[in-house]
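Understanding the architecture of this molecule
Each chain is listed here by its residues.
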Amino acid sequence: MRYFGNDTWAYLNGEFVKADDTKVDFFSQSLHYGYSAIEGIRAYNTHNGTRLFKAEQHYDRLRRSCELVGIAFPWKIDYLVDKTYKLLDKNNLRSAYVRPLVTTGHNMYLTPATDSSIVISAWEWGPFLGTGLIRVSLSPHQRPNPHSMPPDAKIAGQYVASIVATTEATKRGFDEAILLDSNGYVAQASSNNLFIEKDGVLYTPPTGHIFPGITRQTVLELGKALNIDMVEKPLSLEELRAADSAFLTGTATGIVGIAGIDDASFPENWTDTLGATIQRAYKNLTLEKENYQVII
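Residues numbered from 1 in each chain as written. Predicted model: local features only at pLDDT ≥ 70, side-chain atom pairs only at ≥ 80, totals over all residues. Heavy atoms only, no water.

**With respect to the pattern of salt bridges**
As enumerated under the stated definition, the model contains 11 salt bridges in all. A salt bridge links E39 to R61, with the shortest nitrogen-to-oxygen separation between them at 2.5 Å. Of this pair, E39 sits in the loop between strand 3 (37-38) and strand 4 (41-46) while R61 is found in helix 2 (residues 55-69), placing the two residues 22 residues apart along the sequence. On the accessibility criterion, R61 (12% relative accessible area) is buried. Ionic pairing is found between K54 and E221, a salt bridge with its closest N-O pair at 3.6 Å. (Salt bridge = Lys/Arg side-chain N within 4 Å of Asp/Glu carboxyl O. Helix = DSSP H or I, 4+ residues; strand = E, 2+ residues; numbered from the N terminus. Buried < 20%, exposed > 50% of the residue type's maximum accessible area, 1.4 Å probe, protein only.)

Right, here's the structure in full:
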């Protein structure tokens, strides 16, 4: 898949430029060490026009990610949101995935570079894991220890671990990997948060070892609005395997149901699960068919 063509525009440091004309700094820490911060934002084509879903929260998290690892972030949130809408318009995109990226400049030492740049790109992209049920497998790789890197910082270099875990799972015929944390509890998928259903209650691992996704938080809020019991607690592998159903959440993914883990299938029919209820509510929320924000 090619994300950019000759006519594709990107936003770079205050101006719109053709994506193919952007240059790479071959001596940047971002290229050599993965020292950059990323975000993912969805734009939805709603009955009120193109709408960025929770853009302010995503850009604020980008700012926070930079602060946590010492990357300069001199931009205002509302300014970046405005430029993102203009970027979508220049590319004639109504429904899209938006990728802001903050990179660092010249510096081959392991100390923060003094300057940073921001580039925002956008392209048409369907749900990251598709729209059907997926099969997941327990990964032999662990979620990175939170004492080595802040778990709530969305840093590009951390996604090497995600690529390794996903590659191993897909080679064995699965769609996604489930990783344990350094204490042996279930953490999350390679780049998505996990929820399981058991006896009419939804459970999800607590923050601390996981990436606290914005979609994950939205699901918690929707569950509360829909009077669904939601519990954040450490989950054992045995609890995951004994679940009635399960699903993953993420900006690129949305909400996707899990058919089963390894060779075992979850017993409950997906359309009858709490996850399917949440999935429908989330779609309505992003498309503004129902104003769940009033009751959250």
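**Thoughts on the pairing of strand 11 (residues 193-198)**
The buried fraction of strand 11 is high, at five of six residues. Note that strand 11 and strand 14 (residues 245-250) share five bridges and pair antiparallel. Each bridged residue has a counterpart across the sheet, and for N193 the counterpart in strand 14 is T249. The pairing of strand 11 with strand 12 (residues 201-204) spans three bridges and is classified as antiparallel. Bridge pairing in strand 12 places I196 opposite Y203. As consecutive antiparallel partners, strand 11 and strand 12 are separated by two residues, and within that stretch D199 has a phi angle of approximately 55°, a positive value. (Pairing = 2+ DSSP bridges.)

**Overview of the packing of aromatic side chains**
Working definition: an aromatic ring pair is given by the centre-to-centre distance plus the angle between the planes. Here the structure, examined in full by the defined rule, presents 11 aromatic pairs. Relative to Y79, the ring of Y11 lies with its centre 6.4 Å away and its plane at 70°, an arrangement referred to as edge-to-face. Note that Y11 is positioned in strand 1 (residues 9-12) and Y79 in helix 3 (residues 77-90), a separation of 68 residues in sequence. Using a relative accessible area of 32% as the deciding quantity, one classes Y79 as partly exposed. Relative to F247, the ring of F195 lies with its centre 5.1 Å away and its plane at 5°, an arrangement referred to as stacked. Highlighted residues: F195 in strand 11 and F247 in strand 14, separated in sequence by 52 residues. One aromatic cluster in this structure is built from Y97, W123, W125 and F128. (Phe/Tyr/Trp six-rings, centres within 6.5 Å; stacked < 30°, edge-to-face > 60°.)

**A word on the domain arrangement of the protein chain**
Split into domains, the protein chain comes out as domain 1 (9-124) and domain 2 (134-287). On a C-alpha basis, the centroid separation for the pair domain 1 and domain 2 is 26 Å. Each side of the interface is counted separately: domain 1 has 22 residues, and domain 2 has 21 residues. Here domain 1 and domain 2 share an interface that buries about 1800 Å² over both sides, 61% of which is from carbon and sulfur atoms. Viewed at the interface, domain 2 and domain 1 are joined by one salt bridge. Taken together, the connections running from domain 1 to domain 2 amount to nine residue pairs in polar contact (both at pLDDT 80 or more). Residue assignment for the side of domain 1 that touches domain 2 shows that the elements contributing at least two residues are strand 3, strand 4 and helix 2. With six residues, the single largest contributor to the side of domain 1 that touches domain 2 is helix 2. When the residues that make up the side of domain 1 that touches domain 2 are grouped by side-chain class, the tally is eight nonpolar, nine polar and five charged. (Domains from an automatic or database assignment. Contact = heavy atoms within 4.5 Å. Buried area = accessible area lost by both parts, 1.4 Å probe. Polar contact = N/O pair within 3.5 Å; in protein donor to acceptor, adjacent residues only side chain to side chain. Nonpolar A, V, L, I, M, F, W, Y, C, P; charged D, E, K, R; others polar.)

**As for the environment of I258**
Positionally, I258 belongs in strand 15 (residues 254-261). C-alpha separation for the pair I258 and A246, spaced 12 residues apart in sequence, amounts to 5.4 Å.

**A short note on the packing of helix 2 against helix 3**
Contact geometry of helix 2 with helix 3 gives a least axis separation of 9 Å together with a crossing angle of 125°. In terms of orientation, helix 2 lies oblique with respect to helix 3. The two elements helix 2 and helix 3 cross, and the hand of that crossing is right-handed. Of the residues in helix 3, those in contact with A55, E56, Y59, D60 and R63 of helix 2 are I77, L80, V81 and T84. Classifying every residue of the contact of helix 2 with helix 3 by side-chain character gives five nonpolar, one polar and three charged. (Axes fitted to C-alpha atoms, helices over the stretch in contact; angles between N-to-C directions. Parallel < 35°, antiparallel > 145°, perpendicular 65-115°, else oblique. Left-handed = near helix turned anticlockwise from the far one by under 90°.)

**Notes on unusual backbone geometry**
A positive phi angle, near 55°, is found at N92, a position not held by glycine. Within the secondary structure layout, N92 lies in the loop between helix 3 and strand 6 (96-104). By relative accessible area, N92 is classed as exposed at 55%. Phi at D262 is positive, roughly 55°, even though this residue is not glycine.

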